[in-house]
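# A closer look at the structure
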Amino acid sequence: MVGVLIRMRVQITRRSMREGRAALNFWLGTAFGLAAAVVTVYLIAAAHDTLHGGVTVSAALFAAWTLGWICGPVLTGSNDETLQPEQFRLLPLTPRQLAYGLAAAAFAGPSAIVNLIAFGGLILLAAPYGLGAMAIAALGAILQLIFVVLLSRVVMGWLGAAMRSRRGRDLGVLFAGLIGLAYYPLNLLITNLGPSLESSNSTLAGTLRAVPSGWAPYAVESATRGRWLFALLPLLGLIVLALALWQMWALLLERRLTLPPAPAGQIVDGKAVVLERYIPATPVGAVVTKELRTWWRDSRRRATLLPLLLIGFVLPIFLSLKNGSHGTIPLAGAFVVWLAAMGATNLYGLDGTGVWQTLVIPGAPGADVRGRVIAWALIVAPVALLAALILPGALGQARLYPWALSTLPVLLGVGAAAAIFLSTHAAYPLPQQRGNPFAGSGNPGCAKILLQFTVGLGQLLVSAPVLAILAIGTVMHNAFVEWLALPIGLLLGGFAAMVGVRLATTRLETRGPELLAAVKPR
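Treat the numbers as computed from the prediction; the structure is a model and nothing was measured.

What the chain contains, in helices and strands, is 24 helices and 2 strands. Out of the 522 residues in the chain, the part that is buried amounts to 50%. When contacts within the chain are restricted to residue pairs at least 6 apart in sequence, long-range pairs at least 24 apart make up 80% of them. When the accessible surface of the chain is split by element, carbon and sulfur atoms take 71% of a total near 23,600 Å².

Below, the structure written as C-alpha cells:
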C-alpha cells in the first residue's frame with residue numbers, strides 16, 4: 001500500500017512538472033527552495049569560527065525551517081494535500097495504516113527533498129570530526145525531516161479538525177492567526193540575536209539546543225566530543241516524538257474520516273433583515289449579500305482571510321519592537337489592507353465549478369465581479385479604517401494621520417483590482433472541501449506566494465505617488481502638503497478599482513469556459 005501511494009504521488013508530481021502554469025509553479029517553487037537550501041548548507045558549513053558556533057547556527061536554521069513547515073501553510077492559506085484521505089475512505093485500511101502510507105507519500109514530494117538537502121548541511125559540519133560524527137549527522141538530518149513533516153501534518157490536521165465544528169471554526173481561525181503570527185517574533189529573535197550565537201555562555205544557544213529542532217545539531221556536537229550516549233539520546237528523542245506525532249495524526253485522520261462536519265447552520269433572521277435593509281435588491285446587491293454570507297459561513301474563506309487580517313493588525317507591533325519605536329503601529333490599517341488583498345487572489349477558485357451559474361446568465365458577469373469586489377471591501381475596509389482612525393491618536397502620533405488615512409484608499413482600490421484581476425486571469429483549482437480548509441494540491445503554496453507577491457508589489461508601485469507626496473510634506477514639515485496625498489490616494493484607488501473590475505468583467509465574459517475549466521477540482 002505504501003508503494004502504491006508513493007507511486008501515485010510521484011506520478012502526480014511528474015504531471016505537475018509538465019502542465020502549463022502548474023509546471024511554472026513547480027519549477028519556481030523548487031528553484032526558490034533549492035536556493036534557500038544551498039544558503040542553509042553554506043551557513044551551517046562555513047558561517048562560524050568554532051564548532052560551538054556552527055552547532056548553534058545549525059540549531060537556529062533548523063528552527064527556522066521548522067517554523068516554515070508550521071507557519072507556511074497558514075500564511076499562504078494552503079496546505080499541500082495532493083493525496084486526500086477522503087479518496088481512500090472506502091479501502092479496507094485502518095487509520096494508522098492510512099497515516100503510515102500518506103506519511104510515506106509526503107516524503108516523495110519536492111519539499112521533502114529540498115529540506116533534506118538543507119538539513120544535510122549538518123553532515124558537512126561533522127565531516128572534519130570523523131565518520132562517526134558524520135553518521136550521527138546523517139541520521140539526525142533524516143530524523144529531523146521526519147519530525148518536521150509529521151509536525152506540520154499534525155498541526156494542519158488539528159486546525160482542520162477544529163474547524164469542522166461551528167465553535168471550532170472560530171477557535172481554529174484564531175489559532176491559525178496566532179500560529180502565523182508566531183513566525184514573525186521568533187524570526188526577529190533569531191535574526192537580531194545572531195551575534196550571540198558564537199558565545200559559549202549564550203542563553204539563546206542553550207535554548208536553541210533544548211527545543212526538538214536543535215536535538216540533531218546537539219547530537220553532532222556530543223559525537224565530536226566523544227560523548228556517544230549524549231549523541232544517541234537526542235536522536236532517540238526525535239524517534240519518540242515522530243512516533244507520537246504519527247499516532248496523533250492517525251487519530252486526527254480517524255476523526256476526519258468518521259465524524260461528519262457540523263452543519264453550517266442557518267443565517268439568523270436579524271442578520272438577513274440587516275442585509276436586506278441596507279443592500280439594494282439589484283443584481284449587484286444580490287451578489288454582495290451572497291458573498292458576505294459566504295465569507296461568514298465558509299470555513300475555507302475564513303481560513304484564507306481572517307488570519308491575514310489578524311497578522312496585518314499585529315505585524316506593525318513586531319516591526320515597532322524591532323525598530324524600538326511606535327512609528328509603524330499607526331499604519332496598522334494599511335498593513336491590514338495590504339495583507340488582506342494578498343489573501344483574495346483566487347476568489348473564483350474558492351467557488352470551484354459553481355462559477356457556471358454566473359456564466360449561463362446573460363449580463364451576470366459584470367454584476368458578479370462588482371459584487372465580489374464590494375463585498376470584500378465591506379469586510380476589510382471597516383477594520384482598516386478603525387485602525388487608521390484610532391491608533392495614531394491613541395499612541396500620541398497624530399502627525400501620522402495623513403500617512404494612515406492617505407494610504408488606505410489607494411491600497412484598498414489597487415488591492416481589490418489586483419485580487420479580482422488575478423482571480424479571473426490566474427485562477428487555480430482547489431480540492432473539494434471535505435476535511436481541511438487549508439488543503440490544496442499540486443504545490444499550491446508556490447502559486448499562492450507568487451500571486452501574493454504580485455498583489456503586494458502592485459499595491460506598493462501604484463502607491464508611490466501618494467508616498468512621495470507624504471514624504472515631501474514630512475520633509476517640509478508642511479501638513480497641508482501631506483493631506484494633499486489623501487485626494488490623490490482616493491483618485492488612484494478609485495481608478496485602479498474601475499480598471500480592475502473592467503478587465504475582470506471582460507475576461508469573465510469572453511473566457512468564462514476557460515475559467516470554469518481552470519477552477520475545476522482535479
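Further remarks concern helix α19 (residues 401-425). Here α19 contains 25 residues, and its C-alpha end-to-end distance of 36 Å stays within 8% of the 36 Å for a straight helix at 1.5 Å per residue. The element α19 is largely enclosed, with a buried count of 20 among its 25 residues.

Time to look at the nonpolar core. Counting residues in hydrophobic clusters, the biggest one holds 55 residues, and the most contacted among them are L102, F119, L122, V148, L150 and W249. Of all the elements in the fold, those that place two or more residues in this core are α2 (20-46), α3 (51-76), α4 (95-106), α5 (110-119), α6 (121-126), α7 (131-162), α10 (215-224) and α11 (228-258). The biggest single contributor to this core is α7, with 14 residues. Beyond its immediate stretch of four places on either side in the chain, L102 contacts L5, L83, P85, F88, W249 and L253.

Within the structure shown, the criterion is met by 8 salt bridges. The partner of E291 in a salt bridge is R301, and the shortest N-O contact between them spans 2.7 Å. Of the two residues, E291 sits in helix α13 (residues 283-297) while R301 sits in helix α14 (residues 299-323), which places them 10 residues apart along the sequence. This pair shows no difference in class: E291 is buried, exactly as R301 is. The shortest N-O distance in the salt bridge between D368 and R372 comes to 2.8 Å. Of the two residues, D368 and R372 both sit in helix α18 (residues 364-394), 4 residues apart, roughly one turn of that helix. Of the two residues, D368 and R372, neither departs from the other in class, the shared state being buried.

Let us look at unusual backbone geometry. A positive phi angle is found at H477, which is not glycine, with a value near 55 degrees. Looking at the element boundaries, H477 is found in the loop between α21 (464-476) and α22 (479-483). Residue H477 is classed as exposed on the basis of its relative accessible area of 73%.

Attention shifts here to the packing of aromatic side chains. Per the counting criterion, the structure on display carries 2 aromatic pairs. Summarising the aromatic geometry, the rings of F62 and F119 are spaced 4.6 Å apart at their centres and angled 50 degrees between planes, so their arrangement reads as tilted. Highlighted residues: F62 in helix α3 and F119 in helix α5, separated in sequence by 57 residues. In this structure, F62 and F119 share a single accessibility class: buried. Taking 6.3 Å as the distance between ring centres and 75 degrees as the angle between the ring planes, the aromatic pair formed by F335 and W338 counts as edge-to-face. Taken together, the residues F335 and W338, both in helix α15 (residues 332-342) and 3 residues apart, mark about one turn of the helix. Against the face of Y348 rests R372, its NZ or CZ located 4.2 Å from the ring centre.

The next thing to look at is a nonpolar patch on the surface. Taken together, the side chains of L229, F230, L233, L236, I239, V240 and L243 present a nonpolar region at the surface, about 660 Å² in accessible area. Its place among the elements puts V240 in helix α11.

Let us now look at the packing of α19 against α21. Between α19 and α21, the shortest axis-to-axis distance is 10 Å and the interhelical angle comes to 170 degrees. Regarding the angle of α19 to α21, the classification is roughly antiparallel. Two packed elements cross with a definite hand, and for α19 against α21 that hand is right-handed. Residues P402, W403, S406, T407 and V410 of α19 form the contact with α21, whose participating residues are V466, L467, L470, A471 and T474. The class makeup of the residues in the contact of α19 with α21 is 7 nonpolar, 3 polar and no charged.

Before going further, it helps to spend a moment on the environment of T510. Secondary-structure assignment places T510 in helix α23 (residues 485-510). The class of T510 is exposed, set by a relative accessible area of 52%. Along the primary structure T510 and L359 are separated by 151 residues, whereas in three dimensions their C-alpha atoms are 10.0 Å apart. A distance of 2.7 Å separates the side chain of T510 from the backbone oxygen of T506, its partner in a polar contact.

This next bit is on the packing of α4 against α11. At a minimum axis separation of 8 Å, α4 and α11 run at an interaxial angle of 115 degrees. The pairing of α4 with α11 is recorded here as roughly perpendicular in orientation. The handedness of the crossing between α4 and α11 comes out as right-handed. Seen from α4, the contacting residues are P95, R96, L98, A99, Y100, L102 and A103; seen from α11, they are W246, Q247, W249, A250, L251, L253, E254 and L257. Considered class by class, the residues forming the contact of α4 with α11 number 12 nonpolar, 1 polar and 2 charged.

Once that is clear, we can look at the side chain of Q459. Structurally, Q459 is set in helix α20 (residues 444-462). Each residue touching Q459, except ones within four places of it in the same chain, is listed here: V337, W338, A341, L411, V414 and G415.

Definitions and cut-offs
Residues numbered from 1 in each chain as written. Predicted model: local features only at pLDDT ≥ 70, side-chain atom pairs only at ≥ 80, totals over all residues. Heavy atoms only, no water. Helix = DSSP H or I, 4+ residues; strand = E, 2+ residues; numbered from the N terminus. Buried < 20%, exposed > 50% of the residue type's maximum accessible area, 1.4 Å probe, protein only. Contact = heavy atoms within 4.5 Å. Areas by Shrake-Rupley, 256 points an atom, 1.4 Å probe, with all protein chains shown as cover. Expected span 1.5 Å × (residues − 1). Core = buried A, V, L, I, M, F, W, Y, C linked by side-chain atoms within 4.5 Å. Salt bridge = Lys/Arg side-chain N within 4 Å of Asp/Glu carboxyl O. Phe/Tyr/Trp six-rings, centres within 6.5 Å; stacked < 30°, edge-to-face > 60°. Lys NZ or Arg CZ within 6 Å of the ring centre and 35° of its normal. Patch = residues over 30% accessible without salt bridge, like charges linked within 9 Å, V, L, I, M, F, W, Y side chains within 5 Å. Axes fitted to C-alpha atoms, helices over the stretch in contact; angles between N-to-C directions. Parallel < 35°, antiparallel > 145°, perpendicular 65-115°, else oblique. Left-handed = near helix turned anticlockwise from the far one by under 90°. Nonpolar A, V, L, I, M, F, W, Y, C, P; charged D, E, K, R; others polar. Polar contact = N/O pair within 3.5 Å; in protein donor to acceptor, adjacent residues only side chain to side chain.

Honestly, it's all geometry; don't read function into it.
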